Amino acid sequence: MGGVRDGHRGSGRLLWRGRSAALGIAALLVLAVLAPACDSATPRGMRDGGSDGSADGAVPPGIDAPVSGVDVGPTADGGGPVGPLTLVTRDVPITPVGSVRVLDVVYDDTNDAYVVVYTWVPPASEFRTEARTIRVNATGTPVPSAAVTIDPLASPLHNSADPAIALAPSSAGAGSAGLVVFSDDRLGAGSGQLEIYGQRIVVASADAPPALDGAPFRISNVDVTGEALPAVAWTGAAYFVAWADDRERGVRHEDARVVYGRVVDPDGTLGAELRL
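Residues numbered from 1 in each chain as written. Predicted model: local features only at pLDDT ≥ 70, side-chain atom pairs only at ≥ 80, totals over all residues. Heavy atoms only, no water.

## Here's the deal with the pairing of strand E10 (residues 176–184)
Right, so step 1: Burial analysis of E10 places 8 of its 9 residues in the buried class, the great majority of the element.
Right, so step 2: Here strand E9 (residues 160–167) runs beside E10; their pairing, made up of 6 bridges, is antiparallel. When the sheet's bridge partners are listed, Ile-165 is paired in E10 with Val-180.
Right, so step 3: In terms of strand pairing, E10 meets strand E11 (residues 195–203) through 9 bridges, oriented antiparallel. (Buried < 20%, exposed > 50% of the residue type's maximum accessible area, 1.4 Å probe, protein only. Helix = DSSP H or I, 4+ residues; strand = E, 2+ residues; numbered from the N terminus. Pairing = 2+ DSSP bridges.)

## Thoughts on the sheet that holds strand E16 (residues 274–275)
Right, so step 1: In space, the 4 strands of this open sheet follow the order E13-E14-E15-E16, with antiparallel pairing throughout. Each edge of the open sheet is held by one strand with a lone partner, namely strand E13 (227–234) and E16.
Right, so step 2: Strand direction decides the pairing type here: strand E15 (residues 258–264) and E16, joined by 2 bridges, are antiparallel. Looking at the pairing, Gly-261 lines up with Leu-274 of E16.

## A closer look at the sheet that holds E10
Right, so step 1: On the basis of which strands lie adjacent, the open sheet formed by 4 strands has the order E9-E10-E11-E12 and antiparallel pairing. Of all the strands in the sheet, just E9 and strand E12 (211–218) have a single pairing partner and so form its edges. Strand-to-strand twist across the sheet, computed as the mean angle between neighbouring axes with direction ignored, equals 20 degrees. (Axes fitted to C-alpha atoms, helices over the stretch in contact; angles between N-to-C directions.)

From the geometry alone we can't say anything about function, so treat these as descriptive.
Structure (structure tokens):
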């Protein structure tokens, strides 16, 4: 269907593309820290021994060597660079599993953490979608929670991929509510007929994985066509979900695809479908 897969494994393993062309080589959370350079090119927090216990000027494991002398930003009169800054990046794997691809991330200001959703391929299984909460500790290192499977249904045989996530403002004491949307081929028993599904979640803390709120539910609701590459945003009162749809394929053009969307209320109620 529609350019989001190009292979099978077992009885329905799909190789999903879409956003994975840019993001799918690894699930890495990259944090860029800009700190003014003082009398040394050593990053802030690593001078005078550093809070991480390393020797003065040493770059601890997991941190790339600093790039210094980068001129960034305008002067007070807007006429030129401010001066040299030091750039340090920390690349830390947030998933202890292989073959991860197609990810999305959102910041949860209630818990001061990130929520990451991604597709991965378990050994001898179909594609699955998971989510983790990521806390960044005092040294700037991402600390992932355990994973939660967004689509835990084992039967019928199916694949899920292309996840996207949006969070809504939290209610007092209730944690942050969110919606994960993804492509799923369970209607075709893993054969490739794609539909858009949603799963509501609740993020209670920065250290615990998101909790599932109810079961996955269909959003696209068109059995005989393929829908893929969903996107989702919080509108202030509800979620809006959009996706690529090939229901007009072969009708006005052999490869016709259009974008459809609909509002999804916080309780999962679907609004009218719109052709965008």
